[in-house]
Every structure is written in structure tokens, then in C-alpha cells.
Amino acid sequence: MASSSPEAPCSCDCFVSVPPASAIPAVIFAKNSDRPRDEVQEVVFIPAGTHAPGSRLQCTYIEVEQVLKTHAVILSRPSWLWGAEMGANEHGVCIGNEAVWTKEPVGEGEALLGMDLLRLALERSSTAQEAVRVIAGLLERYGQGGSCREEPVPFCYHNTFLLADRTEAWVLETAGRLWAAQRIQGGARNISNQLSIGTDISAEHPELRSHAKAQGWWTGQGTFDFAEVFSLTQQPVRMEAAKARFRAGRELLLQQQGRITAEVMMDILRNKESGICMDSGGFRTTASMVSVLPQDPTKPCVHFLTATPDPSRSVFKPFIFEMGVAQAPQVLSPTFGAQDPVRILPRFQTQVDRQHLLYRGHQAALGLMEAGQDQGKQLRQMQQSLEQEGLEALRGLLTGGQTPPPQALGSLFQAFVEKEHQAYA
């Protein structure tokens, strides 16, 4: 029996700032990925590719039809699955997803995970709006479903998405194959494990309203409020907690309107008091990401990824799509091929060690930092110094200061990962 209960611990928070909310002429995207406490999240670079007509693509559980060309992507993903919790592509499109439960029942059959939809959209889209269309089309053709946790008892949910590019952002919220989307062309916005699109709907599934009317959820008269119509009538405790995080996140954004920077977003992701940086109920923030997407197309997009849990004790490291970019091996988990528990039916009957090198070093450092020992304090100072180095590089790129050659920009993430790994070693 699959568990689709929102009582189960599951939470994420996504944020976006579009000028004039940003302090700089850039769209700024951020996400905390909150997952089972011991789940390892890896950072994977996938180069652009060309594919034979009619070829098929294996996602986490099902195959889909492959497209002729796919874009290069950087992904932060639970290391057991194909998709991703968050990521970006070479065109400056960023996407984060979140679990959501609605009046539309969650099926037990395997289909595309929300995380699969996220990666497919990044690989196939050059704008946030195009990514909305890609996800909507894949939902219609393949549906969403399957366990989202590496455990024998399936845990299933539907998905909401925050999508951004250099000029705007979109919120896409789903209920089964149905969906509604909201365009954000200015200001700040956040999402937190609940439907948040009300009457301001920019695009929607053609059968959204007729289905709601047929189910008796909407009379067909008056204003159509998507969140009001499709949200569960009685919200479980866990969903009420998500509401509190949503309100806290919105308030943190409002306090910084017009002054939002990458550092502000990092601070929000590190906020423990609100629960945005979480560690409770068997879940914690397992990875985080902040992206700066300049409106000037001549300036590179810079994506900061931790590849480690707890952003309050992690380093946001800069990644840039440039010449010479390659996979950083220290943040790549081991693979198990046909013997992987996700591939053997019934799934997830055994456990394997998916820790990558940086994760192992960071876990040891976390213990020292939490103990408050001198060595732990020194490691935290090292993290802060390394992160400042990356932020200084960002400022130089945005202000037109000294710009490293493309080869150096492409290897920037690898260099920061190596410095952090060496410090832990």
C-alpha cells in the first residue's frame, strides 16, 4: 500500500526575486531541498547532447520518448534517482520542485516523478515559459507518480514548481494531470508544499475548471480560485506547518524588497527559526542552491550549490556554464548498475552506501562544528572564507571587473569543491 499522506515528513522551500525586488539587475532563484535525513544528494553535470530519432529515454521508473537535442544541465539530485530536486541549464533556466497534496487523489502507479519532470524540462527548454509547456505536455502524456523515497513502503505525492530565467519566473502547480501556472514579471515569490496560486492564473489545463465543477468542488459561478478549489478541505498538521513556513518565507522576502542579493537568499535558506533550514521528524535540508541570472545576456549566470546538508554549516560553491566545464568527482555518488535497489523488483528491499567524498568529509566536519570544539570553529571559518571567495568572484563578473578566462570559469566549481574537500581531509 502506497503512502500518500501529507502527515509524512516532507518539506521544501523555493524563492525567487525578479527586479525591482532584486538589488541588482538580475533574477535570483533559491531552494532548500528537504529530504529524508540520511539521503545523499549529489551534484551532476550533464553535457548537451544529440539523439537519434525515435530513441527512448529511461527515467527513474518509466521510459519516455527522447528529443533530438538536449541542453547541458547542472543538477542537485537524490543520488538514487534519475531526475533532480533542483537545477539549471546552459540557457539560464532554473527549476525547483516541491511535494503537494490536493483533492485530486495520488495514484500508486509508477509514472514520471516530479523530479524527472524537472530534469526533462531543463534539458528541453530555453526559457522558463517553455519549461512550463514542457512539463504540462509530459504530464498529459505520461502522468506523474511513483515512490519519491528510497524505502520499501512507497511514498507518493504531486508537485509544484518554481521556474525562473533571466527575465521572469513562473509558478506551476499540479493536481494529477491538471495544472495552473502564474507568471511573475516583477517582485518576490516563494512556494512551500501547498497550493499558492489563487485567482491570478496566467495559464491552465483546458479541463481544469470543468473537472472541478464535475467533482462538485466549484459551482462554476463567480471567481475561480485554484488553491481554494483544489486544496484539501481539512489540512493535516504537516500542511499547517508548511503554511507557517510559507508565511515566514514571504515575510523574509518582504523585509528585503529591493535589496535581495545572493547573500540575502543564502541567509533565508539558513533560517532555522522559521523551519526553512530544517532538521526534524526524520527530515533535514539535504542540499541547497542559489542562482543569479543577470538580465544582461553578456554576463554569465552563476549557480551556487552546496552538495551537502544543512546550509547553515555548508559552502555555497559557484558553478558557471563555460568552456571546460566538467563533472566534479568528489560530489558524484557511487553507482550500482543492475544491482541498485531501485532497479531490482520489488524495489528498495536493501540499502546501499551512496555517500560521495565531499559528503563523507562534511559529515565529519558537521560533528566537530556541532560539538563546538576549536577545530569545528576553524572549519566553519574556513567555510565562510571559501564562500566569500565565491561571492567576490560573482561581484567581479557582475560589475565588469577582472574576468577570468572562460576555461577558469568553467572549472570554478571543481576548484571550490577541491578546496573544501581538502580542508575536511
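Structural data are supplied above this passage.
The notes below deal with the structure included here. (Residues numbered from 1 in each chain as written. Predicted model: local features only at pLDDT ≥ 70, side-chain atom pairs only at ≥ 80, totals over all residues. Heavy atoms only, no water.)

## Quick word on the overall build of the protein
Argument step 1. Within the protein, the regular secondary structure consists of 10 helices and 19 strands.
Argument step 2. In terms of C-alpha radius of gyration, the protein reaches 20 Å, essentially the compact-globule figure of 22 Å for 425 residues.
Argument step 3. Looking at the protein as a whole, 59% of its 425 residues are labelled buried.
Argument step 4. Accessible surface, the protein as shown: approximately 16,500 Å² in total, 50% of it carbon and sulfur.
Argument step 5. On the protein, the mean spot of the 38 positive side-chain charges and the mean spot of the 46 negative ones are 1 Å from each other. (Helix = DSSP H or I, 4+ residues; strand = E, 2+ residues; numbered from the N terminus. Rg over C-alpha atoms; globule rule 2.2 N^0.38 Å. Buried < 20%, exposed > 50% of the residue type's maximum accessible area, 1.4 Å probe, protein only. Areas by Shrake-Rupley, 256 points an atom, 1.4 Å probe, with all protein chains shown as cover. Lys, Arg positive; Asp, Glu negative; His and termini not counted. Charge placed at Lys NZ, Arg CZ, Asp CG, Glu CD.)

## Let's talk about the layout of surface pockets
Think of a ball as big as a water molecule: rolled over the atoms, this probe shows where empty space is left.
Argument step 1. Approximately 310 Å³ is the volume attributed to the largest pocket.
Argument step 2. For the largest pocket, the lining is made up of 22 residues, of which Arg77, Ser79, Trp80, Leu81 and Thr335 are closest to its centre.
Argument step 3. If one sorts the elements of the lining of the largest pocket by residue count, strand β3 (residues 41-46) sits on top with 3 residues.
Argument step 4. Taken together, the residues of the lining of the largest pocket sort by class into 10 nonpolar, 6 polar and 6 charged.
Argument step 5. A volume near 250 Å³ is recorded for the second largest pocket.
Argument step 6. Together, Pro36, Asp38, Glu39, Val40, Arg149, Glu150, Glu151, Gln351, Val352, Asp353, Arg354 and Gln355 line the second largest pocket.
Argument step 7. Partitioning the lining of the second largest pocket into residue classes produces 3 nonpolar, 2 polar and 7 charged. (1 Å grid on protein atoms, 1.4 Å probe; cavity = no way out; pocket = protein on both sides within 12 Å on 5 of 7 lines; lining within 4 Å. Points joined across faces, edges and corners; volume = space filled by probe spheres on them. Nonpolar A, V, L, I, M, F, W, Y, C, P; charged D, E, K, R; others polar.)

## Side note on empty space enclosed by the protein
Argument step 1. Within the structure shown, the criterion is met by 3 cavities of 30 Å³ or more.
Argument step 2. One number sums up the size of the largest cavity: a volume of about 50 Å³.
Argument step 3. Lining the largest cavity, in full, are Arg37, Lys272, Met278, Asp279, Arg284, Thr285, Asp310, Leu366 and Glu370.
Argument step 4. At the level of elements, β17 (283-294) and α7 (357-371) are the ones that each hand at least two residues to the lining of the largest cavity.
Argument step 5. Taken together, the residues of the lining of the largest cavity sort by class into 2 nonpolar, 1 polar and 6 charged.

## Quick word on unusual backbone geometry
Argument step 1. Across the junction of Pro19 and Pro20, the peptide omega takes the value 15°, indicating a cis bond.
Argument step 2. Structurally, Pro20 can be placed in the loop between β1 (11-18) and β2 (26-36).
Argument step 3. Phi at Ala307 is positive, roughly 65°, even though this residue is not glycine.
Argument step 4. Secondary-structure assignment places Ala307 in the loop between β18 (302-305) and β19 (317-319).
Argument step 5. Residue classification places Ala307 among the buried positions, given a relative accessible area of 1%.
Argument step 6. Here Asp310, not a glycine, exhibits a phi torsion of approximately 60°, which is positive.

## Points about the pattern of salt bridges
Side chains bearing opposite charge may pair, as long as their charged atoms lie close to each other.
Argument step 1. Tallied over the full model, the rule gives 22 salt bridges.
Argument step 2. In this structure, the salt-bridge partner of Glu110 is Arg347, at a minimum N-O distance of 2.8 Å. Remark: Arg347 occurs in the loop between β19 and α7 and Glu110 occurs in the loop between β10 (94-100) and α1 (114-124); sequence separation between them is 237 residues.
Argument step 3. Taking the relative accessible area as the measure of exposure, Glu110 reaches 40% and is therefore partly exposed.
Argument step 4. Of the charged contacts, one joins Lys317 and Glu420 as a salt bridge, the two residues approaching to 2.8 Å between their closest N and O atoms. Of this pair, Lys317 sits in strand β19 while Glu420 is found in helix α10 (residues 412-424), placing the two residues 103 residues apart along the sequence. The residues Lys317 and Glu420 share a single accessibility class, namely buried.
Argument step 5. Residues participating in the shared-partner salt-bridge network are Glu150, Asp340 and Arg354. (Salt bridge = Lys/Arg side-chain N within 4 Å of Asp/Glu carboxyl O.)

## Here we look at α10
Argument step 1. Over its 13 residues, α10 runs 19 Å from end to end, which matches the ideal 18 Å to within 8%, given 1.5 Å per residue.
Argument step 2. Within α10 the residues assigned to the buried category are Leu412, Phe413, Gln414, Phe416, Val417, Glu420 and Tyr424.
Argument step 3. Among the structural elements, β3, β18, β19, α7, α8 (374-399) and α9 (406-410) are those in contact with the buried residues of α10. (Expected span 1.5 Å × (residues − 1). Contact = heavy atoms within 4.5 Å.)

## Considerations on the pairing of strand β13 (residues 178-184)
Argument step 1. Of all 7 residues in β13, 6 are buried, a share of seventy percent or more.
Argument step 2. When strand β12 (residues 169-175) meets β13, the two strands line up antiparallel, connected through 7 bridges. When the bridges of β13 are listed, Val171 appears paired with Gln182.
Argument step 3. Here β12 folds back onto β13, and the loop between the two strands holds 2 residues, one of which, Gly176, carries a positive phi near 65°. (Pairing = 2+ DSSP bridges.)

Just distances and angles here, no functional claims.
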